[in-house]
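Spelled out from the first residue to the last, the chains are:
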Protein chains: 2
Amino acid sequence: MNEIEETLKSLHDSIEANESGEVSRLLNQIQSADYPRLVDRLSVDEREKLMGMVSPETAAALLARISETQVVGILDKLNPEKAANIIQELGSDEAADLLGVLKAEGAEAILCEMQPKEASEVRELMAYAEDTAGGLMRFEFLSYPVSSSVGDVIEDLRRNAEIYSDFDVQYAYVVDKSKRIVGVLRMRDLLLSNSETGVSELMIHNPLFVPHSMEQSILASMFKEKQLVGLPVVDENETLLGVVLRSSVREATAEAVAEDFLKVSGLGGKEELRSMPLQLRSRRRLSWLSINILLNVLAASVIAFFQDTLAQVIALAVFLPIISDMSGCSGSQAVAVSIRELTLGLVRPTELLRVFLKEIAVGIVNGIALGMLIALVAFLWKGNPWLGLVVGGALMLNTIVAVCLGGLIPLILKRLDLDPALASGPILTTVTDMCGFFLALSLATILLPYLT
Amino acid sequence: MNEIEETLKSLHDSIEANESGEVSRLLNQIQSADYPRLVDRLSVDEREKLMGMVSPETAAALLARISETQVVGILDKLNPEKAANIIQELGSDEAADLLGVLKAEGAEAILCEMQPKEASEVRELMAYAEDTAGGLMRFEFLSYPVSSSVGDVIEDLRRNAEIYSDFDVQYAYVVDKSKRIVGVLRMRDLLLSNSETGVSELMIHNPLFVPHSMEQSILASMFKEKQLVGLPVVDENETLLGVVLRSSVREATAEAVAEDFLKVSGLGGKEELRSMPLQLRSRRRLSWLSINILLNVLAASVIAFFQDTLAQVIALAVFLPIISDMSGCSGSQAVAVSIRELTLGLVRPTELLRVFLKEIAVGIVNGIALGMLIALVAFLWKGNPWLGLVVGGALMLNTIVAVCLGGLIPLILKRLDLDPALASGPILTTVTDMCGFFLALSLATILLPYLT
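These numbers were taken from a predicted model, which means no experiment stands behind them.

> Whenever I open this one, the overall build of chain A confuses me. Can you help?
Counting secondary structure elements, chain A contains 24 helices and seven strands. Expected size for 452 residues packed as a compact globule is a radius of gyration near 22 Å; at 30 Å, chain A overshoots this value by more than 25%. Across its three principal axes, chain A shows a C-alpha extent of roughly 100 × 60 × 40 Å. Counting over 452 residues, chain A shows a buried share of 47%.

Put into structure tokens, the structure is as follows:
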């Protein structure tokens, strides 16, 4: 702990004093697990200066270890030439990912400074949708013509050992004259053959490949099923385009889950770091809160409608926030189950009836349990069984409504091509609040003679 | 859609009729991405029967594709011998994971039926903590004595090709006489050497290795930094124990994030599938709801304390649920940022002051904005500026409290070794509700003459 703070202080000083040797030495001294926190504590100017002081390799290694949000913040500030040098050290898929998150002009400026071949690869990758095999694939793979011999392959590996050292070389792909994929070669099988053998004899025929349009979720389930390091990606003519690695798919899936978490928490799926400017953090959070407060006012207007009842049975005011909060909790549980079942492929957006039947059962059981509990509290407090009936009945009915809606809303949003993680919460709480307030206060109005 | 339903119907029938050939044919016909939904729709008895009708390989392939919760449900029902046959088809780390989730007697019964060697490997793995290198490693790796030649290694690969086909064989580890790791051999380097060369010449010296006690989060950051498929795991004497794969660490990390989501949503971090029995689903959800309702009653008791004020200014009852819900939302955003920053290693649990200063700034800005908005609503509705002052002032102050608490609670829970994702929400909403009700109603009591 203290050690890190000291290193951080020395780093501040060395950057200030432009001592690039000392900066590199300090970076090496720190555990890489501490990089994110370190970068977080440097000012924007210091980060920019730091990137200029170390080699592109060191800079790329640093960027590979910190969060995407931090990387984008740094690249935005660097001059395009320096940024291009660093980005060239990354794999084509990572480079395309990072540039895809930058603003269009910024990305273009950096691409113009990159080596033409690498720039055109990255441009090609950026043209595919981010969550498809095309968007996730990389160009660092081995392929050989079907007419090659084992000796040709080994000779090529020997000659280009330096370039290939960045590749995942468990497999090489075998292509025909029109670059269509016809086989897969296991590298370890090369070990066991003599150099005259043709790769066509050694290769696995009818290899597994995927179209560039295949969705990330399906890729994830393919990798889950099969112990593969990568899958070849092809275009409409089965021409080999690239390879999508298990690790890229996993990373993309993990990011999607993390985004869901940020969306459900009211941060719009965007990463907020506390080192970001106050104005940005405040504005982002407010954009969601301001919608929510309007929905809240809408829901509370139901209470205003029943003011006369409330004025006569003031005890009800104590229970309204409880009904609102508890229905929200019950509904959120059902929302979470639906979002998980959608992610895991256990339910289709069209299966509304199935979800409804499953949820209403839980809603009835839990509604009765919670309703009886709160009815007991109300009765013990005021000694009036009718008050217990009103608040208990309202909570029971509203729990059933909330649980059913919570289960159905994510499916409906998915069918409408809206984001369940983002919109389910606010819609659910507004509707259940309105319904809960209405149930409690209209029941109270009907039973008013017994309550006063 | 319809196709799946038809296949499902045929599968029901074939299982009923005990036609194992037809069952296997139907399984092959279905896209593996549909396996989870398929299993979900079979009854518990049908699942058990299905497992008995197909080969252990097919059964293992099916289990590898469905969710852990589903697998455990199936293994719990199978007879131990059948379960052992299936589990032996999996890697030692996956086998240990699954058995670790079963009840102790169930796991023991299955272990007794497994091949002694594999059973003892799995037992060994189960002895390590789940979220450490030891718990995540597997025994399927290659190692050779430092005295071997390239020819020896190739000969061994040739002889055991069948066994090794399940391994990730990009690397082999080189060990000395006391099994201490001394080097790493890249398989592709074997291709480029003649068979007399000793592995000691070819290997990379001072290999990277990790102690079995290393935590999952640190492993995750190591894999993020370096393009490695696996890392060797050693004991206190640097003896090679096993290898931890990048994919195992990624999977474990993704599971941890998914668990956080389920915890924040009030499901206690446990996967709920709608095919589970109603009683279980209802009980699990209620266990969290019943704590929450008690906390809610506690918070609402503040309102009861101010009944006289409320009776005179009934309009306040409309605003209490809004203050409660909005403070909860503002606080949840701060909770999510803290949980993310803890996960990403951007903040330490001890850095309370830093988080407090960062959050109070956002709290003041957003508090003023939201407070002014609700004050305006109150003023427009009742035409009384003092009512606006009371509800706006209360929401402003309570937003600041909620945002600061939301930022700090996860750090404090982490320091106390409690789970931030599980406990932050209920603690936050209870405290902010109490505080919000108190602020609004005590302000109203002070300003009562201007409100009536």
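So that's the structure; there's more coming.
> Explain the nonpolar core to me, please; I cannot follow it from the model alone.
Soluble globular proteins tend to pack their nonpolar side chains together in the buried interior. In this structure, A:Ala440 and B:Ala440 are the most contacted members of the largest nonpolar core, which totals 138 residues. Contacts of A:Ala440, omitting those with residues within four sequence positions, involve A:Leu316, A:Phe319, A:Leu320, A:Ile323, A:Val390, A:Val391 and A:Ala394. Counting 60 residues, the second largest nonpolar core, distinct from the first, contains A:Leu136, A:Leu245, B:Val150 and B:Val244.

> How do you make sense of the relation of the copies chain A and chain B when you look at a structure like this?
Relating one copy of the chain to the other requires a rotation about an axis plus a shift along that axis. Overlaying chain A with chain B gives an RMSD of 0.0 Å, the required rotation being 180° about an axis along which the chain moves by 0.0 Å. As the rotation angle and translation indicate, the two copies are arranged about a two-fold axis. When the interface residues of chain A are mapped onto chain B, 100% of them are again interface residues, pointing to one common binding face.

> Quick question: what am I supposed to make of unusual backbone geometry here?
Backbone phi values are negative for most residues with the exception of glycine, while trans is the configuration of most peptide bonds. Residue and element names in this part refer to chain B. Of note in the backbone geometry, Asn-18 takes a positive phi value of approximately 60° without being a glycine. Structurally, Asn-18 can be placed in the loop between helix 1 (2-16) and helix 2 (20-29). Exposure remark for Asn-18: the 11 C-beta atoms within 10 Å place this residue in the exposed category.

> Looking at this structure, I do not really get the interface of chain A and chain B. What am I missing?
One frequent convention defines the size of an interface as the accessible area lost when the parts assemble. Contact with chain A, which involves 93 residues of that partner, is made by 94 residues of chain B. The class makeup of the residues in the side of chain A that touches chain B is 53 nonpolar, 20 polar and 20 charged.

> What's the story with the sheet that holds strand 5 (residues 210-211) of chain A in this structure? I'm lost.
Consider a sheet: its strands pair through backbone hydrogen bonds, and that pairing is either parallel or antiparallel. Residue and element names in this part refer to chain A. Pairing in this open sheet of three strands is mixed, and the strands run 5-6-7 from one edge to the other. The outermost strands of the open sheet, each flanked by one partner alone, are strand 5 and strand 7 (240-245). Relative to the sheet, helix 17 (residues 246-264) contacts strand 6 (230-234) and strand 7, its axis offset from that of strand 7 by approximately 60°.

> Looking at this structure, I do not really get the domain arrangement of chain A. What am I missing?
Along its sequence, chain A is organised into domain 1 (2-127), domain 2 (143-255) and domain 3 (278-451). Each of domain 1 of chain A and domain 2 of chain A has a C-alpha centre, and the two are 31 Å apart.

> Any chance you could explain the packing of helix 18 (residues 278-305) of chain A against helix 20 (residues 316-344) of chain B here in plain terms?
The axes of two packed helices give the description: the angle between them and the distance between them. Orientation of helix 18 of chain A relative to helix 20 of chain B, taken along the N-to-C sense of each, is 155°, at an axis distance of 9 Å. The angle between helix 18 of chain A and helix 20 of chain B places the two elements in the roughly antiparallel class. The way helix 18 of chain A lies across helix 20 of chain B gives a crossing that is right-handed. Residues A:Arg285, A:Leu289, A:Asn292, A:Ile293, A:Asn296, A:Val297, A:Ala300, A:Ile303 and A:Ala304 of helix 18 of chain A touch helix 20 of chain B, and the partners they reach there are B:Ala317, B:Val318, B:Phe319, B:Pro321, B:Ile322, B:Asp325, B:Met326, B:Cys329, B:Ser330 and B:Gln333. Its residues assigned to classes, the contact of helix 18 of chain A with helix 20 of chain B shows 13 nonpolar, four polar and two charged.

> Just checking my understanding: could you explain helix 6 (residues 68-77) of chain B for this structure?
In an α-helix, one full turn covers 3.6 residues, which means residues spaced three or four apart are oriented alike. Residues and elements named next belong to chain B. Those residues of helix 6 lying buried are Gln-70, Val-71, Ile-74 and Leu-75. Summarising the axial view, the buried residues of helix 6 lie within an arc of 130°, below the 170-degree limit, and thus occupy one face. Those residues of helix 6 that are buried are in contact with helix 3 (35-41), helix 4 (44-53), helix 5 (56-65), helix 7 (80-87) and helix 8 (92-101).

> I would appreciate a short explanation of the sheet that holds strand 2 (residues 171-175) of chain B in the present structure.
The strand order across the open sheet formed by four strands is 1-2-3-4 (chain B), and the pairing between neighbours is mixed. Of all the strands in the sheet, just strand 1 (143-145) and strand 4 (204-205) of chain B have a single pairing partner and so form its edges.

> Quick question: what am I supposed to make of helix 4 (residues 44-53) of chain A here?
Restricting attention to buried positions, one finds in helix 4 of chain A the residues A:Arg47, A:Leu50 and A:Met51. Angularly, the buried residues of helix 4 of chain A cover 100° about the axis, an arc narrow enough to put them on a single face.

> Help me understand the packing of helix 7 (residues 80-87) of chain A against helix 9 (residues 104-113) of chain A, please; the structure alone is not making it clear to me.
Residues and elements named next belong to chain A. Two elements in contact, helix 7 and helix 9, have axes whose closest approach is 8 Å; the angle formed by their N-to-C orientations is 70°. In terms of their interaxial angle, helix 7 and helix 9 are classed as roughly perpendicular. In this structure, helix 7 contributes Pro-80, Glu-81, Ala-83, Ala-84 and Ile-87 to the contact, and helix 9 contributes Ala-109, Ile-110, Cys-112 and Glu-113. Its residues placed into classes, the contact of helix 7 with helix 9 shows seven nonpolar, no polar and two charged.

> How should I be thinking about the confidence of the model for chain A in this particular structure?
Residues shown with low pLDDT carry predicted positions that ought not to be read at fine detail. Residues and elements named next belong to chain A. Confidence in the prediction for chain A averages 85 pLDDT; 96% of positions are at 70 or higher. Looking over chain A, one finds the lowest element-wise mean pLDDT in helix 13 (residues 161-164), namely 71, and the highest in helix 22 (residues 385-415), namely 95. Interface confidence in the predicted complex, given as ipTM, is 0.72; pTM for the same model is 0.72.

> I'm lost on the environment of B:Leu370 in this one. Help?
Here B:Leu370 lies in helix 21 (residues 352-382). When the C-alpha positions of B:Leu370 and B:Met326 are compared, they lie 8.8 Å apart, and in sequence the two are 44 residues distant. Among all residues touching B:Leu370, those that are not within four sequence positions of it are A:Leu289, A:Ile293, B:Met326, B:Leu395 and B:Thr399.

> Before we go on, may I ask you to explain the pairing of strand 7 (residues 240-245) of chain B in this structure?
Each regular strand carries side chains that alternate between the two faces of the sheet. All names here are of chain B. Counting buried residues in strand 7 gives six out of six residues, a clear majority hidden from the surface. Where strand 6 (residues 230-234) and strand 7 come together, five bridges link them in antiparallel fashion. Bridged to Leu-231 within strand 7 is Val-244.

> Any chance you could explain the environment of B:Glu105 here in plain terms?
As for its position among the elements, B:Glu105 is in helix 9 (residues 104-113). Each C-alpha atom of the pair B:Glu105 and B:Met372 lies 61 Å from the other, and the pair is 267 residues apart in sequence.

> Which parts of the structure should I look at to understand the pairing of strand 2 of chain B?
Residue and element names in this part refer to chain B. For strand 2, the tally of buried residues reaches four of five residues, placing the bulk of the element in the interior. Sheet analysis places strand 1 next to strand 2, joined by three bridges and oriented parallel. If you follow Ser-143 over to strand 2, its bridge partner there is Tyr-173. Sheet analysis places strand 2 next to strand 3 (residues 181-186), joined by five bridges and oriented antiparallel. Opposite Val-175, over in strand 3, you have Ile-181 as the bridge partner. Following strand 2, the chain reverses through five residues before pairing antiparallel with strand 3; Lys-179 in that reversal takes a positive phi of roughly 65°.

Parameters at a glance
Residues numbered from 1 in each chain as written. Chains lettered and ligands numbered in written order. Predicted model: local features only at pLDDT ≥ 70, side-chain atom pairs only at ≥ 80, totals over all residues. Helix = DSSP H or I, 4+ residues; strand = E, 2+ residues; numbered from the N terminus. Rg over C-alpha atoms; globule rule 2.2 N^0.38 Å. Buried ≥ 20, exposed ≤ 12 C-beta atoms within 10 Å, placed from the backbone. Core = buried A, V, L, I, M, F, W, Y, C linked by C-beta atoms within 7 Å. Contact = placed C-beta atoms within 7 Å. Least-squares fit on C-alpha atoms with pLDDT ≥ 70 in both. Nonpolar A, V, L, I, M, F, W, Y, C, P; charged D, E, K, R; others polar. Pairing = 2+ DSSP bridges. Axes fitted to C-alpha atoms, helices over the stretch in contact; angles between N-to-C directions. Domains from an automatic or database assignment. Parallel < 35°, antiparallel > 145°, perpendicular 65-115°, else oblique. Left-handed = near helix turned anticlockwise from the far one by under 90°. Arc of directions from axis to C-beta. pLDDT = per-residue confidence, 0-100.

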